[in-house]
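# Notes for the structure review
If you want the building blocks of each chain, they are given just below.
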Amino acid sequence: MSDKILWRDNAVVKDGWSHAETDEGQGQVILPLAAYLALTTEQRKAGANRLGVLIQPLESIDAIVDDLPNLSLIALAFPAYTNGTAHSKAAMLVEHHGFHGEIRAVGDVLFDQIPLMIRNGFTSFEVVNAPTIRQLVAGKKAGNPFQYQPAAKSSDSAKSYVWRHKEAY
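Residues numbered from 1 in each chain as written. Predicted model: local features only at pLDDT ≥ 70, side-chain atom pairs only at ≥ 80, totals over all residues. Heavy atoms only, no water.

### Thoughts on the overall build of the chain
Filter applied, for reference: Where helices and strands are cited, they refer to DSSP runs of H or I of at least four residues and of E of at least two residues respectively, numbered from the N terminus. Buried residues are those whose accessible area, probed at 1.4 Å on protein chains only, stays under 20% of the maximum for their type, while exposed residues exceed 50% and partly exposed ones sit between those limits. The criterion used for residue contact is that any of the two residues' heavy atoms lie within 4.5 Å. For the accessible areas, the method is Shrake-Rupley and the probe is 1.4 Å, while residue cover comes only from the protein chains on display.
Looking only at helices and strands, the chain has five helices and eight strands in total. Each helix and strand of the chain, placed in order from N terminus to C terminus, yields the pattern β-β-β-β-α-α-β-β-α-β-α-β-α. Within the chain, the proportion of its 169 residues that are buried is 40%. Long-range contacts, defined as pairs at least 24 residues apart, comprise 47% of the intrachain contacts of the chain with a sequence gap of at least 6. Element-wise, carbon and sulfur atoms account for 53% of the exposed surface of the chain, whose accessible area totals about 9300 Å².

Dropping the structure here:
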């Protein structure tokens, strides 16, 4: 079994992106925030649709807000499943900044956290957690069909607000 997978749209998919420390100008690459910010404005614009940026928990999305139209992928790091700061960043990217590109959770993603992550705006998952990988590869579905609060991105299959549905009780 692979040490990481990419899961999107309820399936394990091939990842067309790679992680790198610098932009060599070839292929779709996800750069750390510092490396991305070191690029000139012209380099960032020229790299639209092939440059992504990885944001760590202590890094602010404010640094890339002006570049959102040039970014097709923002990766938010989960170095440990207990660090949830990326949830807020994903929701802010969608709700406050209108970002429509791919928002990728990268790292220690747990199977039962995926439905909440989707509701917060995540669209893909680069998973390294072995139990989560096994469950996703096996085709198991995560989640509860009932939602208890509003979301940045609602699932078509989820029922809106549980207290509105008598069958939930």
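Picking up after the structure, the text goes on.
### Here's the deal with the nonpolar core
The following threshold applies: Throughout this description, the term nonpolar core refers to a set of buried Ala, Val, Leu, Ile, Met, Phe, Trp, Tyr and Cys residues connected via side-chain atoms within 4.5 Å.
By size, the foremost hydrophobic cluster in this structure holds 33 residues, and its most contacted members are I64, I74, L76, F122 and F125. Listed in part, the seven residues of the second largest apolar core include I30, L73, A75 and A77.

### Quick notes on the pattern of salt bridges
Condition: One speaks of a salt bridge when a side-chain nitrogen belonging to Lys or Arg is within 4 Å of a carboxyl oxygen belonging to Asp or Glu.
Taken as a whole, this structure holds seven salt bridges when the rule is applied. Salt-bridge contacts for D15 lead to R104; the nearest nitrogen and oxygen are separated by 3.0 Å. Separated by 89 residues along the polypeptide, D15 in the loop between β2 (11-13) and β3 (17-19) and R104 in strand β7 (residues 102-107) bring together distant segments of the chain. Between R44 and D67 there is a salt bridge, and its shortest N-O distance comes to 2.8 Å. One end of the pair, R44, is in helix α2 (residues 41-46); the other, D67, is in the loop between β5 (51-55) and β6 (73-78), with 23 residues separating them in the sequence. In this structure R44 comes out as buried when scored by relative accessible area, which is 13%. The structure contains a network of salt bridges with shared partners spanning K4, R8, D15, E102, R104 and E126.

### Some remarks on the sheet that holds β3
Strand pairs in the sheet, formed through backbone hydrogen bonds, run parallel or antiparallel to each other. Counted only if it meets this: A pair of strands is considered paired only if DSSP assigns at least 2 bridges between the two. Each axis is a line fitted through C-alpha atoms, and for a helix only the stretch in contact is used; angles between axes span 0 to 180 degrees, taken between their N-to-C directions.
Across the sheet, eight strands lie side by side as β2-β1-β8-β7-β6-β5-β4-β3; this open sheet has mixed pairing. Strands at the two margins of the open sheet, each flanked by one partner only, are β2 and β3. Geometrically, the sheet is characterised by an average inter-axis angle of 30° between neighbouring strands, direction not taken into account. Relative to β7, β6 runs parallel, the two being bridged by six bridges. Across the sheet, the residue bridging to A75 is R104, located in β7. On the sheet, helix α3 (residues 85-95) packs against β5, β6 and β7 and is oriented at approximately 160° with respect to β6.

### A closer look at the packing of aromatic side chains
Put simply, the test is: Paired rings are identified among Phe, Tyr and Trp, the last through its six-membered ring, by centres lying within 6.5 Å, and are further divided according to the angle between planes into stacked (under 30 degrees), edge-to-face (over 60) and tilted (the rest).
A complete count under the given rule lists three aromatic pairs for this structure. Ring centres 5.8 Å apart and planes at 50° place the aromatic pair W7 and F125 in the tilted group. One end of the pair, W7, is in strand β1 (residues 5-8); the other, F125, is in strand β8 (residues 124-127), and 118 residues separate them in sequence. Assessed through its relative accessible area of 7%, W7 is described here as buried. Given a relative accessible area of 1%, F125 falls into the buried group.

### Thoughts on the side chain of D108
This is how the line gets drawn: Under the convention used here, Asp and Glu are negative, Lys and Arg are positive, and both His and the chain ends fall outside the count. Think of a polar contact as two N or O atoms within 3.5 Å of one another; within protein, one of them needs to be a possible hydrogen donor and the other a possible acceptor, and neighboring residues in sequence only count if both atoms come from side chains.
Along the polypeptide, D108 turns up in the loop between β7 and α4 (114-119). There is no salt bridge for the buried D108, and the closest opposite charge comes from R134, which lies 11 Å off by N-O distance. Engagement of the side chain of D108 in a polar contact is seen with the side chain of N129, the distance being 2.9 Å. Residue contacts for D108: discarding those within four places in its chain leaves F78, P79, A80, Y81, Q113, V128 and N129.

### Thoughts on helix α5 (residues 130-137)
Short version of the rule: In this description, the arc belongs to the directions extending from the helix axis to the C-beta atoms.
What α5 keeps buried is the set T132, I133 and L136. Down the axis of α5, the smallest arc covering the buried residues is 100°, so these residues share one side. Check the buried side of α5 and you find it contacts β1, β2, α4 and β8. Within two residues after α5, G139 carries a phi angle of roughly 85°, on the positive side.

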